[in-house]
Amino acid sequence: MDVQRILSFLSEITANNNRDWFLEHKKEYLACRKEFEAGVEQAILAISAFDASVSHITPKDACFRFNRDIRFSSDKSPYKNHFGAYISAKGKKSLHAGYYIHLQPGRCLLSAGAYWLPTNILTACRNEIMVNIDEWRKYVEDGKFVRYFGYVNEGFWHENEISPKGFGLEHLKTCPKDFPKDFPFLDYLRMKDYACWHVVEADLFNGDGWLKTMSDMFKTTLPMMKFTNRVIDDYE
């Protein structure tokens, strides 16, 4: 995967985010898209070695479209400034937890977990965590998991700023409704998602060595994701 070419194009479109510029450079976009999809195909193969549930996924199933949905956004820029792929056994539009690869100038990262869960599934996940807290802590307080992603509430991910690592994109400020306020591990119930991330240098993606680093990182998240998916899958 020619990551430098991809990032160069993304830098240029960030500075020239309009339809006319994009159409003039569409050939380069398509070449970069092809490079990215080739990398995603390699990633799927590597992940399948420890998580066979994604072995049937193709880059088309995983890669997000480059056009932005601007209908409800004050930012009317028509194109994204990154390439992203969500490798999930049920596809990129599912709630099923999966693996995310993000290439963006100055903000490349690897992430895993479940995002944007609706309230009923969040409530079910919180109940599952509360009832099986020892099992949950075994997965997310494991030394390797913490080394890659930190503890819950330790990191932050905002639109224009992100911590080097983190576990949990958003959290309630107080205890969720109908849950015990004196629960000793309340931070896990306050989570609004079960996603973790690790920011990486762009140079990581040069050559094929990144596949081992990615696999080591993602393999660490598998027990946590299996835990959440056994709840999420009841609703999908």
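Structure: above.
Only a predicted model underlies this, so the values are computations on that prediction, with no experimental measurement involved.

Reading the values: rules and limits
Residues numbered from 1 in each chain as written. Predicted model: local features only at pLDDT ≥ 70, side-chain atom pairs only at ≥ 80, totals over all residues. Heavy atoms only, no water. Helix = DSSP H or I, 4+ residues; strand = E, 2+ residues; numbered from the N terminus. Rg over C-alpha atoms; globule rule 2.2 N^0.38 Å. Contact = heavy atoms within 4.5 Å. Areas by Shrake-Rupley, 256 points an atom, 1.4 Å probe, with all protein chains shown as cover. Lys, Arg positive; Asp, Glu negative; His and termini not counted. Charge placed at Lys NZ, Arg CZ, Asp CG, Glu CD. Core = buried A, V, L, I, M, F, W, Y, C linked by side-chain atoms within 4.5 Å. Buried < 20%, exposed > 50% of the residue type's maximum accessible area, 1.4 Å probe, protein only. 1 Å grid on protein atoms, 1.4 Å probe; cavity = no way out; pocket = protein on both sides within 12 Å on 5 of 7 lines; lining within 4 Å. Points joined across faces, edges and corners; volume = space filled by probe spheres on them. Nonpolar A, V, L, I, M, F, W, Y, C, P; charged D, E, K, R; others polar. Phe/Tyr/Trp six-rings, centres within 6.5 Å; stacked < 30°, edge-to-face > 60°. Lys NZ or Arg CZ within 6 Å of the ring centre and 35° of its normal. Expected span 1.5 Å × (residues − 1). Salt bridge = Lys/Arg side-chain N within 4 Å of Asp/Glu carboxyl O.

Colleague: Pulling in residues and values, what's your account of the overall build of the protein?
Modeller: Helix and strand content of the protein: 9 helices and 5 strands. Along the protein, from the amino end to the carboxyl end, the secondary structure elements read α-α-α-α-β-β-β-α-α-α-β-α-β-α. Computed over C-alpha atoms, the radius of gyration of the protein comes to 18 Å, within 12% of the 18 Å expected from 2.2 N^0.38 for 236 residues, which places it in the range of a compact globule. Along the three orthogonal principal directions, the C-alpha set of the protein runs to about 60 × 40 × 30 Å. Considering only contacts within the protein whose residues lie at least 6 apart along the sequence, 67% involve residues at least 24 apart. About 12,000 Å² of surface is accessible on the protein, with carbon and sulfur atoms providing 50% of the total. Averaged over its 31 positive side-chain charges, the protein has a centre that lies 3 Å from the centre of its 32 negative ones.

Colleague: Describe in detail the side chain of Gln104, supporting the description with residues and values.
Modeller: Here Gln104 is to be found in the loop between β2 (98-103) and β3 (108-114). Setting aside chain neighbours within four positions, we find Gln104 in contact with Leu7, Leu10, Asn81 and His82.

Colleague: I'd like a rundown of the nonpolar core, residues and numbers included.
Modeller: Judged by nonpolar contacts, the single largest core of 73 residues is most densely connected at Phe36, Ile87, Tyr99, Trp136, Phe167, Phe205 and Met214. The greatest single-element share of this core, amounting to 11 residues, is contributed by helix α9 (residues 210-232). With residues up to four places along the chain from it excluded, the contact list for Ile87 reads Val40, Ala43, Ile44, Ile47, Val54, Ala62, Gly98, Tyr99 and Ile101. Within the second largest apolar cluster, 7 residues are counted, among which are Tyr100, Leu109, Tyr115 and Ile162.

Colleague: Can you break down empty space enclosed by the protein residue by residue, with the values?
Modeller: Tallied over the entire structure, the rule returns 1 cavity of 30 Å³ or more. Taken as a whole, the largest cavity holds about 30 Å³ of empty space. Lining the largest cavity are Arg33, Phe64, Arg65, Phe66, Lys80, His82, Phe83 and Gly84. Here the residues of the lining of the largest cavity sort into 3 nonpolar, 2 polar and 3 charged.

Colleague: I'd like a rundown of the packing of aromatic side chains, residues and numbers included.
Modeller: Evaluation of the coordinates by the stated rule reveals 27 aromatic pairs. Relative to Phe227, the ring of Tyr139 has its centre 6.5 Å away and its plane inclined at 75°; by these criteria the two rings are edge-to-face. Of this pair, Tyr139 sits in helix α6 (residues 133-140) while Phe227 is found in helix α9, placing the two residues 88 residues apart along the sequence. Consider the rings of Phe145 and Phe149, whose centres lie 5.1 Å apart with planes at 55°: the pair is tilted. Of the two residues, Phe145 and Phe149 both sit in helix α7 (residues 143-149), 4 residues apart, roughly one turn of that helix. On the basis of relative accessibility, which here comes to 1%, the residue Phe149 falls in the buried class. Each residue in the set Trp136, Tyr139, Phe145, Tyr148, Phe149, Phe167, Tyr188, Tyr194 and Phe227 is aromatic and connected to the rest through ring pairs, giving one cluster. Between the NZ or CZ atom of Arg230 and the centre of the ring of Phe227, over which it lies, the distance is 4.4 Å.

Colleague: Explain helix α3 (residues 26-48) to me, using residue names and the numbers behind them.
Modeller: Under the 1.5 Å per step criterion, the end-to-end length of α3 is 32 Å for 23 residues, consistent within 8% with the ideal 33 Å. When we look at burial in α3, the residues that qualify are Tyr29, Cys32, Arg33, Phe36, Gly39, Val40, Ala43, Ile44, Ala46, Ile47 and Ser48. On its buried face, α3 is in contact with α1 (3-15), α2 (19-24), α4 (59-62), β1 (83-87), β2 and α9.

Colleague: Residues and numbers for the layout of surface pockets, please.
Modeller: Approximately 1,600 Å³ is the volume found for the largest pocket. As for the largest pocket, its lining consists of 38 residues, of which Lys80, His82, Tyr100, His102 and Trp116 are closest to the centre.

Colleague: Which residues make up the pattern of salt bridges, and what values go with them?
Modeller: Taken as a whole and assessed by the stated rule, the structure comprises 9 salt bridges. Arg137 is the partner of Glu141 in a salt bridge, and the nearest nitrogen-oxygen pair spans 3.0 Å. You can call Glu141 partly exposed: its relative accessible area is 27%. With relative accessibility at 28%, the residue Arg137 sits in the partly exposed group.

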